[in-house]
Amino acid sequence: MNKVRKDLGLSYDSNCLYDSCDVSFNSQADLVASNKKNMLYDLAGLPDELILDKNDADYIKQEVVPMGQEAAKKDFPRAVWPSFITSPPPLGFSARGSIVLHPTRASDAAVAVRPTYIYDADTPRIFATPRHYAYLKVAEGCDYKCAFCIIPTLRGGYRSRTADSIVEEARGLAKRGVKELLLISQDTTFYGIDRGERGALARLLRRLNEVEGLEWIRLHYLYPTTIDDDTLAAMAECEKVCKYIDLPLQHASDPVLKRMKRPGTRQKYNELLARIRARVPGVSFRTTFIVGFPGETDADVAALCEFITENPFDHVGVFTYSHEEGTSAFGLDDDVPARTKTARRNAVMRLQKKLIKARQKSRLGQRHRIVVDGPASDHELVLRGRLATQAPDIDA
(Lines give C-alpha, C1' and ligand atoms only; values in the text may rest on other atoms or scores of the structure.)
Protein backbone atom coordinates (compact mmCIF):
# COMPACT_ATOMS: atom_id res chain seq x y z
CA MET A 1 0.00 0.00 0.00
CA ASN A 2 1.48 3.33 -1.09
CA LYS A 3 1.21 6.33 1.23
CA VAL A 4 2.84 9.00 -0.94
CA ARG A 5 -0.25 11.24 -1.29
CA LYS A 6 -1.67 11.19 2.24
CA ASP A 7 -2.83 14.77 1.74
CA LEU A 8 -5.52 13.46 -0.61
CA GLY A 9 -7.12 11.47 2.21
CA LEU A 10 -7.16 8.26 0.13
CA SER A 11 -5.86 4.70 0.45
CA TYR A 12 -4.75 2.13 -2.13
CA ASP A 13 -5.39 -1.60 -2.49
CA SER A 14 -4.14 -3.54 -5.51
CA ASN A 15 -6.60 -6.43 -5.02
CA CYS A 16 -9.45 -4.86 -6.91
CA LEU A 17 -12.08 -5.65 -9.48
CA TYR A 18 -10.90 -2.81 -11.70
CA ASP A 19 -7.42 -2.54 -13.16
CA SER A 20 -5.58 0.60 -12.11
CA CYS A 21 -4.46 2.84 -14.91
CA ASP A 22 -2.05 5.75 -15.07
CA VAL A 23 -4.01 8.94 -14.59
CA SER A 24 -3.14 12.58 -14.08
CA PHE A 25 -4.76 16.01 -14.03
CA ASN A 26 -3.37 18.75 -16.15
CA SER A 27 -3.65 22.41 -15.24
CA GLN A 28 -7.21 22.52 -16.60
CA ALA A 29 -8.19 19.71 -14.20
CA ASP A 30 -8.86 17.26 -17.03
CA LEU A 31 -8.23 13.67 -16.03
CA VAL A 32 -6.31 11.66 -18.63
CA ALA A 33 -6.07 7.86 -18.63
CA SER A 34 -3.80 5.69 -20.71
CA ASN A 35 -6.10 2.67 -21.10
CA LYS A 36 -8.57 2.19 -23.93
CA LYS A 37 -11.77 0.12 -24.13
CA ASN A 38 -12.82 1.51 -20.85
CA MET A 39 -15.69 2.87 -18.74
CA LEU A 40 -16.15 6.63 -18.40
CA TYR A 41 -17.44 8.40 -15.30
CA ASP A 42 -18.01 12.15 -15.11
CA LEU A 43 -16.48 14.21 -12.34
CA ALA A 44 -17.16 17.73 -11.13
CA GLY A 45 -15.42 20.09 -8.78
CA LEU A 46 -11.84 18.92 -9.30
CA PRO A 47 -9.15 21.35 -8.13
CA ASP A 48 -6.38 22.38 -10.50
CA GLU A 49 -2.87 20.89 -10.39
CA LEU A 50 -3.94 17.63 -8.75
CA ILE A 51 -1.63 14.83 -9.94
CA LEU A 52 -2.62 11.20 -9.49
CA ASP A 53 -1.17 7.96 -10.77
CA LYS A 54 -1.08 4.37 -9.63
CA ASN A 55 2.41 4.79 -8.17
CA ASP A 56 1.80 7.74 -5.86
CA ALA A 57 -1.94 8.04 -5.36
CA ASP A 58 -3.71 6.62 -2.34
CA TYR A 59 -7.09 5.01 -2.95
CA ILE A 60 -9.94 3.71 -0.82
CA LYS A 61 -11.73 0.38 -1.00
CA GLN A 62 -15.23 0.53 -2.39
CA GLU A 63 -18.07 -1.94 -2.66
CA VAL A 64 -19.14 -3.35 -6.02
CA VAL A 65 -22.93 -3.59 -6.13
CA PRO A 66 -24.30 -5.83 -8.93
CA MET A 67 -27.18 -4.32 -10.88
CA GLY A 68 -30.01 -6.45 -12.30
CA GLN A 69 -31.41 -9.79 -11.23
CA GLU A 70 -28.80 -11.93 -12.97
CA ALA A 71 -25.89 -9.91 -11.64
CA ALA A 72 -27.40 -9.93 -8.17
CA LYS A 73 -26.91 -13.69 -8.04
CA LYS A 74 -23.16 -13.35 -8.47
CA ASP A 75 -20.60 -12.82 -5.75
CA PHE A 76 -18.35 -9.89 -6.59
CA PRO A 77 -15.23 -8.94 -4.65
CA ARG A 78 -14.60 -5.47 -3.25
CA ALA A 79 -13.07 -2.94 -5.60
CA VAL A 80 -10.99 0.18 -5.31
CA TRP A 81 -12.27 3.49 -6.56
CA PRO A 82 -11.08 7.08 -6.14
CA SER A 83 -13.02 8.54 -3.23
CA PHE A 84 -13.70 11.86 -4.88
CA ILE A 85 -15.91 10.48 -7.66
CA THR A 86 -19.19 11.05 -5.85
CA SER A 87 -17.97 12.85 -2.75
CA PRO A 88 -19.25 16.43 -2.60
CA PRO A 89 -16.57 18.65 -4.17
CA PRO A 90 -15.24 21.62 -2.21
CA LEU A 91 -17.55 24.56 -2.80
CA GLY A 92 -15.86 27.08 -5.02
CA PHE A 93 -14.36 24.65 -7.52
CA SER A 94 -16.09 24.41 -10.89
CA ALA A 95 -13.60 22.56 -13.10
CA ARG A 96 -14.89 19.43 -14.86
CA GLY A 97 -13.14 16.28 -15.95
CA SER A 98 -13.62 12.54 -16.29
CA ILE A 99 -11.93 9.41 -15.07
CA VAL A 100 -11.30 6.36 -17.22
CA LEU A 101 -10.86 2.85 -15.83
CA HIS A 102 -11.61 -0.49 -17.45
CA PRO A 103 -13.16 -3.49 -15.70
CA THR A 104 -11.60 -6.93 -15.94
CA ARG A 105 -15.03 -8.55 -15.54
CA ALA A 106 -18.54 -7.95 -14.23
CA SER A 107 -19.55 -5.27 -16.68
CA ASP A 108 -23.09 -5.41 -15.31
CA ALA A 109 -22.05 -3.78 -12.05
CA ALA A 110 -22.04 -0.37 -10.44
CA VAL A 111 -19.73 0.98 -7.80
CA ALA A 112 -21.40 2.26 -4.64
CA VAL A 113 -19.00 4.80 -3.28
CA ARG A 114 -18.70 5.29 0.47
CA PRO A 115 -17.30 8.83 0.66
CA THR A 116 -14.78 9.88 3.28
CA TYR A 117 -14.49 13.56 2.36
CA ILE A 118 -15.47 16.25 4.83
CA TYR A 119 -14.81 19.94 4.40
CA ASP A 120 -13.08 22.15 6.96
CA ALA A 121 -12.73 25.82 7.83
CA ASP A 122 -10.30 26.38 4.95
CA THR A 123 -12.68 25.08 2.29
CA PRO A 124 -13.94 27.95 0.10
CA ARG A 125 -17.69 28.50 0.40
CA ILE A 126 -20.24 30.66 -1.33
CA PHE A 127 -23.32 31.88 0.51
CA ALA A 128 -26.51 30.25 -0.74
CA THR A 129 -28.51 32.03 1.97
CA PRO A 130 -29.12 35.65 2.90
CA ARG A 131 -26.06 37.18 4.53
CA HIS A 132 -27.46 37.23 8.05
CA TYR A 133 -27.72 33.45 8.50
CA ALA A 134 -25.68 30.46 7.38
CA TYR A 135 -25.65 26.70 7.74
CA LEU A 136 -22.56 25.07 9.24
CA LYS A 137 -22.09 21.33 8.89
CA VAL A 138 -20.52 19.79 12.00
CA ALA A 139 -20.28 16.25 10.60
CA GLU A 140 -20.91 14.19 7.50
CA GLY A 141 -22.38 10.74 6.93
CA CYS A 142 -24.45 8.48 9.16
CA ASP A 143 -23.97 5.18 10.99
CA TYR A 144 -27.67 4.34 11.40
CA LYS A 145 -29.48 1.86 9.16
CA CYS A 146 -33.00 3.27 8.95
CA ALA A 147 -34.94 1.13 6.49
CA PHE A 148 -36.21 4.05 4.40
CA CYS A 149 -32.92 5.95 4.15
CA ILE A 150 -30.07 5.68 1.66
CA ILE A 151 -27.88 8.43 3.16
CA PRO A 152 -25.32 6.05 4.76
CA THR A 153 -24.72 4.52 1.32
CA LEU A 154 -24.42 7.87 -0.43
CA ARG A 155 -22.48 9.80 2.20
CA GLY A 156 -20.57 7.15 4.08
CA GLY A 157 -20.10 6.59 7.78
CA TYR A 158 -20.42 9.32 10.39
CA ARG A 159 -17.36 11.54 10.75
CA SER A 160 -17.20 14.62 12.94
CA ARG A 161 -15.22 17.74 12.20
CA THR A 162 -12.89 18.99 14.90
CA ALA A 163 -14.27 21.60 17.27
CA ASP A 164 -11.42 23.96 16.38
CA SER A 165 -12.34 23.79 12.68
CA ILE A 166 -16.01 24.49 13.41
CA VAL A 167 -15.27 27.41 15.72
CA GLU A 168 -12.81 28.87 13.21
CA GLU A 169 -15.44 28.71 10.46
CA ALA A 170 -18.05 30.22 12.76
CA ARG A 171 -15.76 33.15 13.52
CA GLY A 172 -15.16 33.66 9.81
CA LEU A 173 -18.87 33.63 9.09
CA ALA A 174 -19.54 36.11 11.91
CA LYS A 175 -16.95 38.46 10.42
CA ARG A 176 -18.85 38.26 7.11
CA GLY A 177 -22.01 39.45 8.84
CA VAL A 178 -23.71 36.18 9.82
CA LYS A 179 -25.92 36.60 12.89
CA GLU A 180 -27.66 33.23 12.99
CA LEU A 181 -25.71 29.98 12.77
CA LEU A 182 -27.60 26.78 11.94
CA LEU A 183 -25.67 23.65 12.90
CA ILE A 184 -26.52 20.66 10.71
CA SER A 185 -25.51 17.06 10.03
CA GLN A 186 -27.32 13.76 9.57
CA ASP A 187 -27.32 13.33 13.38
CA THR A 188 -26.08 16.45 15.15
CA THR A 189 -26.32 15.00 18.66
CA PHE A 190 -23.92 12.19 17.64
CA TYR A 191 -21.24 14.84 17.14
CA GLY A 192 -17.89 13.77 18.59
CA ILE A 193 -19.01 10.30 19.63
CA ASP A 194 -17.33 8.77 16.58
CA ARG A 195 -14.09 10.37 17.80
CA GLY A 196 -14.55 9.04 21.32
CA GLU A 197 -15.43 12.51 22.62
CA ARG A 198 -18.45 12.21 24.89
CA GLY A 199 -20.09 15.55 25.66
CA ALA A 200 -18.44 17.13 22.60
CA LEU A 201 -21.60 18.86 21.35
CA ALA A 202 -22.22 20.60 24.68
CA ARG A 203 -18.62 21.83 24.77
CA LEU A 204 -18.90 23.01 21.17
CA LEU A 205 -22.08 24.98 21.93
CA ARG A 206 -20.38 26.74 24.84
CA ARG A 207 -17.45 27.71 22.63
CA LEU A 208 -19.71 28.95 19.85
CA ASN A 209 -21.68 30.94 22.41
CA GLU A 210 -18.53 33.05 22.91
CA VAL A 211 -18.06 33.87 19.22
CA GLU A 212 -18.35 37.62 18.83
CA GLY A 213 -20.97 38.79 16.36
CA LEU A 214 -23.24 35.75 16.50
CA GLU A 215 -26.71 36.28 17.94
CA TRP A 216 -28.48 32.94 17.50
CA ILE A 217 -27.17 29.37 17.28
CA ARG A 218 -29.70 26.77 16.17
CA LEU A 219 -29.43 22.97 16.22
CA HIS A 220 -30.99 20.87 13.47
CA TYR A 221 -31.48 17.12 12.99
CA LEU A 222 -31.15 15.78 16.54
CA TYR A 223 -31.55 12.05 17.11
CA PRO A 224 -33.80 10.69 19.87
CA THR A 225 -31.23 8.25 21.25
CA THR A 226 -28.25 10.64 21.39
CA ILE A 227 -29.69 13.72 23.11
CA ASP A 228 -27.79 13.86 26.41
CA ASP A 229 -28.22 16.00 29.51
CA ASP A 230 -25.01 17.93 28.81
CA THR A 231 -26.41 19.19 25.50
CA LEU A 232 -29.72 20.14 27.12
CA ALA A 233 -27.87 21.98 29.89
CA ALA A 234 -25.82 23.94 27.34
CA MET A 235 -28.98 24.83 25.44
CA ALA A 236 -30.65 26.06 28.63
CA GLU A 237 -27.63 28.04 29.85
CA CYS A 238 -26.13 29.56 26.70
CA GLU A 239 -27.95 32.78 25.79
CA LYS A 240 -27.18 32.52 22.08
CA VAL A 241 -28.31 28.91 21.68
CA CYS A 242 -31.95 28.87 20.60
CA LYS A 243 -34.27 26.79 22.75
CA TYR A 244 -35.27 24.86 19.67
CA ILE A 245 -35.27 21.09 19.19
CA ASP A 246 -35.46 19.71 15.65
CA LEU A 247 -36.17 16.04 16.31
CA PRO A 248 -37.31 13.91 13.33
CA LEU A 249 -39.22 11.05 15.00
CA GLN A 250 -40.62 9.56 11.74
CA HIS A 251 -43.55 7.78 13.44
CA ALA A 252 -45.09 6.94 16.81
CA SER A 253 -46.56 3.49 16.21
CA ASP A 254 -44.28 0.83 17.68
CA PRO A 255 -44.83 -1.73 14.87
CA VAL A 256 -44.03 0.88 12.22
CA LEU A 257 -40.97 2.12 14.10
CA LYS A 258 -39.70 -1.45 14.31
CA ARG A 259 -40.13 -2.02 10.56
CA MET A 260 -38.44 1.32 9.92
CA LYS A 261 -35.49 0.08 12.03
CA ARG A 262 -35.81 3.17 14.19
CA PRO A 263 -34.65 2.99 17.82
CA GLY A 264 -37.14 3.76 20.54
CA THR A 265 -40.85 3.33 21.13
CA ARG A 266 -43.79 5.64 21.62
CA GLN A 267 -43.33 5.38 25.39
CA LYS A 268 -39.61 6.19 25.12
CA TYR A 269 -40.44 9.21 22.96
CA ASN A 270 -42.98 10.41 25.55
CA GLU A 271 -40.31 10.18 28.24
CA LEU A 272 -37.72 11.95 26.09
CA LEU A 273 -40.01 14.88 25.26
CA ALA A 274 -40.94 15.27 28.92
CA ARG A 275 -37.27 15.25 29.94
CA ILE A 276 -36.40 17.91 27.37
CA ARG A 277 -39.26 20.17 28.46
CA ALA A 278 -38.20 19.83 32.11
CA ARG A 279 -34.55 20.70 31.40
CA VAL A 280 -35.10 23.43 28.80
CA PRO A 281 -38.03 25.62 29.88
CA GLY A 282 -39.79 27.30 26.97
CA VAL A 283 -38.31 24.91 24.41
CA SER A 284 -39.85 24.76 20.93
CA PHE A 285 -40.19 21.44 19.08
CA ARG A 286 -40.05 20.65 15.38
CA THR A 287 -40.50 17.10 14.13
CA THR A 288 -41.22 15.19 10.93
CA PHE A 289 -43.18 12.01 10.28
CA ILE A 290 -43.47 9.55 7.40
CA VAL A 291 -46.87 8.05 6.57
CA GLY A 292 -47.56 5.20 4.17
CA PHE A 293 -44.56 3.06 5.15
CA PRO A 294 -45.02 -0.58 4.08
CA GLY A 295 -47.46 -2.35 6.36
CA GLU A 296 -48.83 0.83 7.93
CA THR A 297 -52.50 0.50 8.95
CA ASP A 298 -55.24 2.92 9.92
CA ALA A 299 -54.57 1.93 13.54
CA ASP A 300 -50.93 2.99 13.16
CA VAL A 301 -51.99 6.40 11.87
CA ALA A 302 -54.48 6.72 14.74
CA ALA A 303 -51.62 6.04 17.18
CA LEU A 304 -49.57 8.74 15.49
CA CYS A 305 -52.41 11.25 15.81
CA GLU A 306 -52.84 10.39 19.49
CA PHE A 307 -49.14 10.95 20.04
CA ILE A 308 -49.25 14.38 18.38
CA THR A 309 -52.27 15.35 20.47
CA GLU A 310 -50.56 14.26 23.70
CA ASN A 311 -47.25 15.96 22.85
CA PRO A 312 -47.68 19.50 21.51
CA PHE A 313 -45.28 20.27 18.68
CA ASP A 314 -44.72 23.80 17.42
CA HIS A 315 -43.83 22.66 13.93
CA VAL A 316 -44.68 19.37 12.18
CA GLY A 317 -43.81 18.15 8.71
CA VAL A 318 -45.39 15.02 7.21
CA PHE A 319 -43.99 13.18 4.21
CA THR A 320 -45.47 10.32 2.24
CA TYR A 321 -43.24 7.26 2.03
CA SER A 322 -41.21 6.89 -1.16
CA HIS A 323 -40.12 3.39 -2.20
CA GLU A 324 -36.43 3.98 -2.92
CA GLU A 325 -34.15 1.41 -4.51
CA GLY A 326 -31.02 0.87 -2.45
CA THR A 327 -32.80 1.03 0.91
CA SER A 328 -33.60 -2.06 2.98
CA ALA A 329 -37.30 -1.10 2.86
CA PHE A 330 -37.20 -1.60 -0.90
CA GLY A 331 -37.44 -5.31 -0.18
CA LEU A 332 -40.84 -4.80 1.45
CA ASP A 333 -44.10 -4.57 -0.48
CA ASP A 334 -45.06 -0.94 -1.11
CA ASP A 335 -48.59 -1.91 -0.13
CA VAL A 336 -50.10 1.44 0.85
CA PRO A 337 -51.72 3.05 -2.23
CA ALA A 338 -50.53 6.53 -3.18
CA ARG A 339 -54.00 7.96 -2.66
CA THR A 340 -54.11 6.52 0.86
CA LYS A 341 -50.67 7.93 1.67
CA THR A 342 -51.79 11.40 0.62
CA ALA A 343 -55.05 11.13 2.58
CA ARG A 344 -53.17 10.10 5.72
CA ARG A 345 -50.70 12.94 5.32
CA ASN A 346 -53.53 15.45 4.96
CA ALA A 347 -55.31 14.07 8.01
CA VAL A 348 -52.23 14.43 10.21
CA MET A 349 -51.57 17.96 8.95
CA ARG A 350 -55.19 18.98 9.56
CA LEU A 351 -54.84 17.80 13.14
CA GLN A 352 -51.60 19.71 13.62
CA LYS A 353 -53.13 22.86 12.15
CA LYS A 354 -56.02 22.62 14.61
CA LEU A 355 -53.69 22.05 17.57
CA ILE A 356 -51.25 24.83 16.70
CA LYS A 357 -54.04 27.35 16.10
CA ALA A 358 -55.08 27.17 19.75
CA ARG A 359 -51.48 27.54 20.96
CA GLN A 360 -50.85 30.51 18.68
CA LYS A 361 -53.80 32.37 20.19
CA SER A 362 -52.16 32.10 23.61
CA ARG A 363 -49.21 34.15 22.30
CA LEU A 364 -51.31 37.21 21.51
CA GLY A 365 -50.08 40.23 23.47
CA GLN A 366 -46.59 38.80 24.09
CA ARG A 367 -43.40 40.61 23.09
CA HIS A 368 -40.54 38.71 21.47
CA ARG A 369 -37.19 39.45 19.91
CA ILE A 370 -37.20 38.62 16.21
CA VAL A 371 -34.84 38.53 13.25
CA VAL A 372 -35.97 40.37 10.12
CA ASP A 373 -35.35 38.24 7.04
CA GLY A 374 -36.37 40.93 4.54
CA PRO A 375 -39.42 42.11 2.62
CA ALA A 376 -42.49 39.91 2.75
CA SER A 377 -44.01 38.50 -0.42
CA ASP A 378 -47.20 40.49 0.25
CA HIS A 379 -45.65 43.93 -0.23
CA GLU A 380 -42.20 45.48 -0.29
CA LEU A 381 -43.10 47.72 2.65
CA VAL A 382 -44.06 44.71 4.77
CA LEU A 383 -41.18 42.97 6.53
CA ARG A 384 -40.89 39.26 7.27
CA GLY A 385 -39.54 38.26 10.67
CA ARG A 386 -38.95 35.11 12.73
CA LEU A 387 -38.89 34.20 16.41
CA ALA A 388 -36.02 32.29 17.95
CA THR A 389 -38.43 29.33 17.90
CA GLN A 390 -38.64 29.43 14.09
CA ALA A 391 -35.99 28.25 11.65
CA PRO A 392 -35.68 29.95 8.26
CA ASP A 393 -37.60 28.54 5.29
CA ILE A 394 -39.23 25.59 7.06
CA ASP A 395 -40.94 27.31 9.99
CA ALA A 396 -41.59 30.85 8.77
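Only a predicted model underlies this, so the values are computations on that prediction, with no experimental measurement involved. (Residues numbered from 1 in each chain as written. Predicted model: local features only at pLDDT ≥ 70, side-chain atom pairs only at ≥ 80, totals over all residues. Heavy atoms only, no water.)

Draft legend 1. Structural detail: the overall build of the chain. The helix and strand inventory of the chain stands at nine helices and 17 strands. Relative to its full complement of 396 residues, the chain shows a buried share of 47%. Residue pairs at least 24 apart in sequence account for 75% of intrachain contacts in the chain once pairs closer than 6 positions are excluded. When the accessible area of the chain is evaluated, it comes to approximately 20200 Å², of which 51% is carbon and sulfur surface. (Helix = DSSP H or I, 4+ residues; strand = E, 2+ residues; numbered from the N terminus. Buried < 20%, exposed > 50% of the residue type's maximum accessible area, 1.4 Å probe, protein only. Contact = heavy atoms within 4.5 Å. Areas by Shrake-Rupley, 256 points an atom, 1.4 Å probe, with all protein chains shown as cover.)

Draft legend 2. Seen up close, the environment of M260. Structurally, M260 is set in the loop between α6 (254-259) and α7 (266-279). Overall, the relative accessible area of 0% leaves M260 in the buried class. Sequence separation between M260 and K145 is 115 residues; the distance between their C-alpha atoms is 9.0 Å.

Draft legend 3. Highlighting the packing of helix α5 (residues 229-237) against α7. Between α5 and α7, the shortest axis-to-axis distance is 9 Å and the interhelical angle comes to 35 degrees. When you trace α5 past α7, the crossing you get is right-handed. The segment α5 lies against α7, with D229, L232 and A236 engaging R275, I276 and R279. Looking at side-chain class alone, the contact of α5 with α7 contains three nonpolar, no polar and three charged residues. (Axes fitted to C-alpha atoms, helices over the stretch in contact; angles between N-to-C directions. Left-handed = near helix turned anticlockwise from the far one by under 90°. Nonpolar A, V, L, I, M, F, W, Y, C, P; charged D, E, K, R; others polar.)

Draft legend 4. How the structure looks around the confidence of the model for the chain. For the chain, the average pLDDT comes to 76, and 71% of its residues sit at 70 or higher. Contacts from residues 1-113, a stretch scored under 50 in pLDDT, to residues over four places away or in other chains number 213 contacts. (pLDDT = per-residue confidence, 0-100.)

Draft legend 5. Representation of the packing of aromatic side chains. Per the counting criterion, the structure on display carries nine aromatic pairs. For the ring pair Y144 and Y223, a centre distance of 3.9 Å and an interplane angle of 15 degrees mean the geometry is stacked. A residue pair is termed long-range when its members are at least 10 positions apart, and Y144 in the loop between β9 (139-140) and α2 (151-155) and Y223 in the loop between β12 (216-219) and α5 qualify at 79 residues. Considering the side-chain rings of F289 and F307, the 6.5 Å spacing of their centres and the 90 degrees angle between planes classify their relative orientation as edge-to-face. You can see F289 sitting in strand β14 (residues 284-291) and its partner F307 sitting in helix α8 (residues 298-310), a full 18 residues away along the chain. Assigned by exposure class, F289 and F307 land together as buried. Within the aromatic cluster, the residues linked to one another by ring pairs are Y144, Y158, F190 and Y223. (Phe/Tyr/Trp six-rings, centres within 6.5 Å; stacked < 30°, edge-to-face > 60°.)

Draft legend 6. View of the pattern of salt bridges. Enumeration according to the criterion identifies 20 salt bridges in this entry. Where R155 meets E140, a salt bridge forms, and the shortest distance between an N and an O atom there is 3.8 Å. Residue R155 is found in helix α2, and its partner E140 is found in strand β9; the two are separated by 15 residues along the sequence. Among the ionic pairs, E237 bridges to R206, the shortest N-O distance being 2.9 Å. With E237 in helix α5 and R206 in helix α4 (residues 200-208), the pair connects residues that are 31 residues apart, well separated along the chain. A residue is classified by how much of its surface remains accessible, and E237, at 55% relative accessible area, is exposed. Among the charged side chains, a network of salt bridges with common partners joins E180, R218, D373 and R386. (Salt bridge = Lys/Arg side-chain N within 4 Å of Asp/Glu carboxyl O.)

Draft legend 7. Here's a closer look at the pairing of strand β8 (residues 133-137). Most of β8 is tucked away: four of the five residues are buried. Here β8 pairs with strand β11 (residues 180-184) via five bridges, running parallel. Looking across to β11, one finds that L136 is bridged to L183. (Pairing = 2+ DSSP bridges.)

Draft legend 8. Local environment of the sheet that holds strand β15 (residues 315-320). Spatial strand order, β13-β14-β15: three strands in an open sheet with parallel pairing. The outermost strands of the open sheet, each flanked by one partner alone, are β13 (244-246) and β15. Ignoring which end each strand starts from, the neighbouring axes of this sheet average 15 degrees apart. Bridge analysis of β13 against β14 gives three bridges, and the strand direction is parallel. Its bridge partner lying in β14, D246 is registered against R286.

Draft legend 9. Examining α4 more closely. Along α4, the positions that sit buried rather than exposed are A200, L201, A202, L204, L205 and L208. The inward-facing, buried residues of α4 abut α3 (163-175), β11, β12 and α5.

Draft legend 10. Layout of unusual backbone geometry. A positive phi angle, near 60 degrees, is found at Y221, a position not held by glycine. The backbone of Q250 sits at a positive phi, close to 75 degrees, despite the residue not being glycine.

Draft legend 11. How the structure looks around the sheet that holds β11. Pairing in this open sheet of three strands is parallel, and the strands run β8-β11-β12 from one edge to the other. The outermost strands of the open sheet, each flanked by one partner alone, are β8 and β12. On average, adjacent strands in this sheet sit at an angle of 25 degrees to one another, irrespective of strand direction. Most of the contacts of α4 go to β12, to which it runs at about 160 degrees, and overall it touches β11 and β12.

Draft legend 12. Layout of helix α9 (residues 338-361). Helix length check: α9, at 24 residues, gives a terminal C-alpha distance of 35 Å against a target of 34 Å (1.5 Å per residue), a fit within 8%. Within the sequence span of α9, burial applies to K341, R344, V348, L351, Q352, L355 and I356. Looking at the packing, one finds that the buried side of α9 touches β14, α8 and β15. (Expected span 1.5 Å × (residues − 1).)

Draft legend 13. Structural view of the side chain of E169. Positionally, E169 belongs in helix α3. Residues within four places of E169 in sequence aside, it is in contact with Y119, A121, R125, L136 and R161.

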